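Structural overview
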Amino acid sequence: VQLQASGGGLVQAGGSLRLSCTASGLTDSNYAMGWFRQAPGKERVFVSAIARTGGYTYYSDSVKGRFTVSRDRAKNTVYLQMNSLKPEDTAVYYCAAGRTITSHLRSPDGYRYWGPGTQVTVSS
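Now for a look at the structure at hand.

1. Considerations on the sheet that holds strand 8 (residues 77-82)
Ordered in space as 1-3-8-7, the four strands form an open sheet in which the pairing is antiparallel. On the outer flanks of this sheet lie strand 1 (2-6) and strand 7 (67-72), each paired with one strand and no other. When strand polarity is set aside, the average angle formed by the axes of neighbouring strands in this sheet is 15°. The sheet contact formed by strand 1 and strand 3 (residues 17-24) spans five bridges and is antiparallel. Residue pairing in the sheet places S6 in a bridge with S20 of strand 3.

Written as structure tokens, this is what we have:
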């Protein structure tokens with residue numbers, strides 16, 4: 001299984017970016033997909049996730065109302081639309097996949113597969 005994220009880049013504060021993550025090699029689409037981020041010198045933290053079934057979405061408090069996660073099961077792709085970006089959103093963003101139960105969606109340990117990350121830099 002491979003995950004490949006794209007869409008990162010440099011943007012001014014208040015701007016928008018859309019990240020994409022495409023999974024290849026999955027046996028089916030019954031996977032939860034998550035987004036995490038890691039700033040320099042800090043731990044990897046939860047950003048958003050979409051559940052295996054039902055389309056339920058979850059967000060960290062820091063991005064709620066600004067970010068939107070969605071998926072295209074036919075393409076095995078998950079998206080993270082990021083609006084009203086702030087300098088504190090600067091980090092490497094990672095997508096992850098797993099047969100993750102709801103209670104573990106916010107933990108990196110809940111995911112089996114990880115992409116290599118994409119850099120998002122928000123200038124002030």
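2. Focus: the side chain of T100
For T100, the position within the fold is in the loop between strand 9 (91-98) and strand 10 (113-114). By relative accessible area, T100 is classed as buried at 5%. A distance of 2.6 Å separates a polar atom in the side chain of T100 from the backbone oxygen of G110. Leave out the neighbours within four places in its chain, and T100 touches A32, R52, L105, G110 and Y111.

3. Comments concerning the pattern of salt bridges
According to the stated counting rule, one finds four salt bridges in the structure shown. Two residues, R37 and D89, come together in a salt bridge whose shortest N-O distance is 2.9 Å. Of the two residues, R37 sits in strand 4 (residues 32-38) while D89 sits in the loop between strand 8 and strand 9, which places them 52 residues apart along the sequence. When sorted by exposure, R37 lands in the same class as D89, which is buried. Between D89 and R66 there is a salt bridge whose closest N-O contact spans 2.7 Å.

What counts as what
- Residues numbered from 1 in each chain as written.
- Predicted model: local features only at pLDDT ≥ 70, side-chain atom pairs only at ≥ 80, totals over all residues.
- Heavy atoms only, no water.
- Pairing = 2+ DSSP bridges.
- Helix = DSSP H or I, 4+ residues; strand = E, 2+ residues; numbered from the N terminus.
- Axes fitted to C-alpha atoms, helices over the stretch in contact; angles between N-to-C directions.
- Buried < 20%, exposed > 50% of the residue type's maximum accessible area, 1.4 Å probe, protein only.
- Polar contact = N/O pair within 3.5 Å; in protein donor to acceptor, adjacent residues only side chain to side chain.
- Contact = heavy atoms within 4.5 Å.
- Salt bridge = Lys/Arg side-chain N within 4 Å of Asp/Glu carboxyl O.

Such coordinate-based values are descriptive only and should not be taken to indicate function.
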